[in-house]
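Understanding the architecture of this molecule
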Amino acid sequence: MLTDPRLLLLSPGDTVFVLRDQIEPGETVWVEGIAVSFAEHLGLGHKIARLAVPQGGQVIKYGAPIGRATQAIAAGDHVHLHNLRSDYTPTYALEGKA
Amino acid sequence: MKGWQRSDGRKGIRNVVVVAYLVECAHHVAREIAAVDREGAHVIGFPGCYPNEYAQKMMERLCTHPNVGAALIVSLGCESFNRFQLDQVVAASGRPVKTLVIQNTGGTRSTIGAGRDWVAEQIAALARAPTVPMAVSELIVGTVCGGSDGTSGITGNPAAGIAFDKLVAAGAACIFEETGELIGCEGIMADRAATPELAAELRASVAKAARYYATLGYGSFASGNADGGLTTIEEKSLGAYMKSGQSPISGLIKPGDIPPKGGLYLMDVVPDGEVRFGFPNISDNAEIVEMMASGAHCTLFVTGRGSVVGSAISPVIKIAANPHMYARLTEDMDVNAGRILEGSASLEQVGQEIFDLVLASASGQQTKSEALGHQEFILTYKTFEPIGPSCLPV
């Protein structure tokens, strides 16, 4: 299945890919045969869902859980603060851009 | 490699004079004393006026660090820090030491003058000190990560881990940390422990960190981590954990404990007991200071967002995880691990480059942050119980 070479799979069972390069807004990106695009710029190191995860399900990266989905995640979604939370302590992030 | 022989058997890869202030009130005087020769004289110190056993131990360890050849202690005079004990510990190590008490020396100008005279004499003497051969197995190397992003855990941290594996194989002692950034990794980490008893200690140290940070309400996670694509503390932890490489874990130490032999050690940096003095390590240099107090000759610092810091006393080798950041901050970075993402270098190649740079730095080559004059230092209040009996290798 066609996957953009910028998407890196770290471990076979992972539900997410990691970006090895940035993605521009509106660009078509192939994620295991699915074509998706994003409204915002995604920097390298960000995550894109490889597998769907139901709300409350575990997101897997490096072959290990990195938290739970706060809403259903579909393959091709950007996975970040809006749909993933820690099982340990909440994440603090500044709002807004300088 | 060549080093400076110390009386406790350790060898230094630098030979600097430390100017140590014992309360913030003496900081300006210490800084002015060291300003005449910033390469030869490094400022360290403790800002607090209340006594603290941890701070006392840290300052004693740092003033007798193998990279330190002499120590000038600068006291205001009325602070609670035990300057008499610190002076005795340094003297007992065979190093030249002098304590200047500002309240007894006529104030700011006369203390600066007296301090500069003494420091200049020491720097001249240290320049003539002989060196002895030094082996890789005599090195202690620490690793920290700071300003992490989603690239840190796939480039710089695993490359640092490969360098650690090579150092451990050569007999060196390597220290990784921060237990607050290993939350979520306790199971896989405990599986690498040399003994079942140590495995239990490793798990307990991370459980303590999870409790401590839960009380504080924030994980060891900065806003910039999220900008860089990291979402949760356990995700950041898995990336940070890669710095430890693949070697078996030989022991668990706390700040100021010196590894008794080669191998890989976890440093437990989260205070024991109730949450008392706030965040365990308020910024990256607090971690580097603790590595040095445990004898680290140099520290590998992996950064994704782009930290520019160095350290007093010990060289810091900065490893850029993110190729875009490397392009922006090249003057501050010693290694570009971002090449791994671009496909122009393998993890193994970058790991070897880091290993080679440790040896070059230990042989006297300046790192980027040293050449730029970075000598950050921070020490704050903590409380620790001694480590348990199964924490060290026999």
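Analysis parameters
- Residues numbered from 1 in each chain as written.
- Chains lettered and ligands numbered in written order.
- Predicted model: local features only at pLDDT ≥ 70, side-chain atom pairs only at ≥ 80, totals over all residues.
- Helix = DSSP H or I, 4+ residues; strand = E, 2+ residues; numbered from the N terminus.
- Buried ≥ 20, exposed ≤ 12 C-beta atoms within 10 Å, placed from the backbone.
- Contact = placed C-beta atoms within 7 Å.
- Domains from an automatic or database assignment.
- Nonpolar A, V, L, I, M, F, W, Y, C, P; charged D, E, K, R; others polar.
- Pairing = 2+ DSSP bridges.
- Axes fitted to C-alpha atoms, helices over the stretch in contact; angles between N-to-C directions.
- pLDDT = per-residue confidence, 0-100.

Looking at the overall build of chain A
The helix and strand inventory of chain A stands at zero helices and nine strands. In chain A, the succession of α and β elements from N to C terminus is β-β-β-β-β-β-β-β-β. Its C-alpha atoms give chain A principal-axis dimensions of about 35 × 35 × 20 Å. Counting every position in chain A, which comprises 98 residues, the buried fraction comes to 38%. Considering only residue pairs separated by 6 or more positions, chain A has 48% of its internal contacts joining residues 24 or more positions apart.

Topic: the domain arrangement of chain B
All names here are of chain B. Looking at chain B, the domain boundaries give domain 1 (2–132) and domain 2 (136–371). Contacts between the two partners involve 16 residues from domain 1, matched on the other side by 13 residues from domain 2. Looking at the side of domain 1 that touches domain 2, the element that brings in the most residues is helix H2 (residues 53–63), giving four residues. Grouping the amino acids of the side of domain 1 that touches domain 2 by side-chain chemistry returns nine nonpolar, three polar and four charged.

Considerations on the interface of chain B and chain A
Facing 26 residues of chain B, the contacting portion of chain A comprises 28 residues. Within the residue set of the side of chain B that touches chain A, elements represented by two or more residues are helix H7 (196–216), helix H8 (223–227) and helix H9 (233–241) of chain B. Among the elements that take part in the side of chain B that touches chain A, H9 of chain B stands out by supplying four residues, more than any other. Taken together, the residues of the side of chain B that touches chain A break down into eleven nonpolar, twelve polar and three charged.

A word on the environment of Gly13 of chain A
Residue and element names in this part refer to chain A. As for its position among the elements, Gly13 is in the loop between strand E1 (7–8) and strand E2 (16–19). Residue class for Gly13 comes out exposed when judged on the 12 C-beta atoms lying within 10 Å of it. Each C-alpha atom of the pair Gly13 and Lys61 lies 8.0 Å from the other, and the pair is 48 residues apart in sequence. For Gly13, the contacting residues outside a window of four places in its chain are Ile60 and Gly63.

Re the environment of Ile23 of chain A
Residues and elements named next belong to chain A. As for its position among the elements, Ile23 is in the loop between E2 and strand E3 (29–31). Judged by local crowding, Ile23 falls into the buried class, with 23 C-beta atoms found within 10 Å. With 14 residues separating them along the chain, Ile23 and Ser37 place their C-alpha atoms 9.0 Å apart.

Side note on the sheet that holds strand E10 (residues 249–253) of chain B
All names here are of chain B. Reading across from one edge, E10-E11-E9-E8-E12-E13-E14 is the order of the seven strands in this open sheet, with parallel pairing throughout. Because the sheet does not close on itself, it has two edges, and the strands there are E10 and strand E14 (335–336). In the sheet, strand E9 (residues 173–176) pairs with strand E11 (residues 263–267) via four bridges, with the strands oriented parallel. When the bridges of E11 are listed, Phe176 appears paired with Leu266. Relative to E10, H7 is tilted by about 50°, and along the sheet it contacts E10 and E11. Of the strands in this sheet, strand E8 (140–145), E9, E11, strand E12 (298–303) and strand E13 (316–320) are in contact with helix H10 (residues 284–293), which crosses E8 at around 165°.

Some remarks on the confidence of the model for chain B
Low-pLDDT stretches of the model should not have their predicted coordinates read in fine detail. Across chain B, the average pLDDT comes to 96, with 100% of residues at or above 70. For this predicted complex, the interface score ipTM comes out at 0.91, alongside a pTM of 0.93.

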